[in-house]
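Okay, here's what each chain looks like letter by letter:
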Amino acid sequence: MQTTNKPVHEIRLGSIKAAIWRDQHSEKPRFNVSVTRIYKDGDKWKTSDYFGRDDLPKVGLVTQKAYEWMFASPATE
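This structure is a prediction, so every number in the text was calculated from the model and none was measured.

Peer 1: Explain the pattern of salt bridges to me, using residue names and the numbers behind them.
Peer 2: Under the criterion given, the structure shown has four salt bridges. Between Asp41 and Lys46 there is a salt bridge, with the nearest N and O atoms lying 3.0 Å from each other. Judged by relative accessible area, which is 33%, Lys46 ranks as partly exposed. For Asp54, the salt bridge is made with Arg53, and the minimal N-O distance between the two is 3.0 Å. Judged by its relative accessible area of 69%, Arg53 falls in the exposed class.

Peer 1: Explain the sheet that holds strand 2 (residues 16-23) to me, and be specific about the residues and the numbers.
Peer 2: Taken in spatial order, the four strands of this open sheet run 1-2-3-4, and their pairing is antiparallel. At either margin of the open sheet sits one strand with a lone partner, and together these are strand 1 (9-13) and strand 4 (44-48). Averaged over all neighbouring strand pairs, the angle between strand axes comes to 30 degrees, with direction disregarded. The pairing of strand 2 with strand 3 (residues 30-41) spans eight bridges and is classified as antiparallel.

Peer 1: Account for the side chain of Ser48, with residues named and values stated.
Peer 2: Relative to the assigned elements, Ser48 resides in strand 4. Classification of Ser48 by relative accessible area gives buried; the value is 13%. Within polar-contact distance, the side chain of Ser48 engages the backbone nitrogen of Tyr50 at 3.0 Å.

Peer 1: Tell me about the pairing of strand 1, and name the residues and values.
Peer 2: Across five bridges, the pairing between strand 1 and strand 2 is antiparallel. Looking at the pairing, His9 lines up with Ile20 of strand 2. What sits between the antiparallel neighbours strand 1 and strand 2 is a turn of two residues, in which Gly14 has the positive phi angle 65 degrees.

Conventions we followed
- Residues numbered from 1 in each chain as written.
- Predicted model: local features only at pLDDT ≥ 70, side-chain atom pairs only at ≥ 80, totals over all residues.
- Heavy atoms only, no water.
- Salt bridge = Lys/Arg side-chain N within 4 Å of Asp/Glu carboxyl O.
- Buried < 20%, exposed > 50% of the residue type's maximum accessible area, 1.4 Å probe, protein only.
- Pairing = 2+ DSSP bridges.
- Helix = DSSP H or I, 4+ residues; strand = E, 2+ residues; numbered from the N terminus.
- Axes fitted to C-alpha atoms, helices over the stretch in contact; angles between N-to-C directions.
- Polar contact = N/O pair within 3.5 Å; in protein donor to acceptor, adjacent residues only side chain to side chain.

So, in structure tokens, the structure goes:
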């Protein structure tokens, strides 16, 4: 069960965002990652979990950065 409604860390590269969430289901804290694309539809900001060809390099970069952050986090030791 997550103890917060906010991610513990976010990594953004242009319109691509990786949100890192703390998951307290196990005895030891773990992290999960959600990756979204942010876009504007008229006056409203929206998110999508679909990515175009040009988004994929950014998806790779934000997930690599998320991995590095989770690996370095003291909660995973």
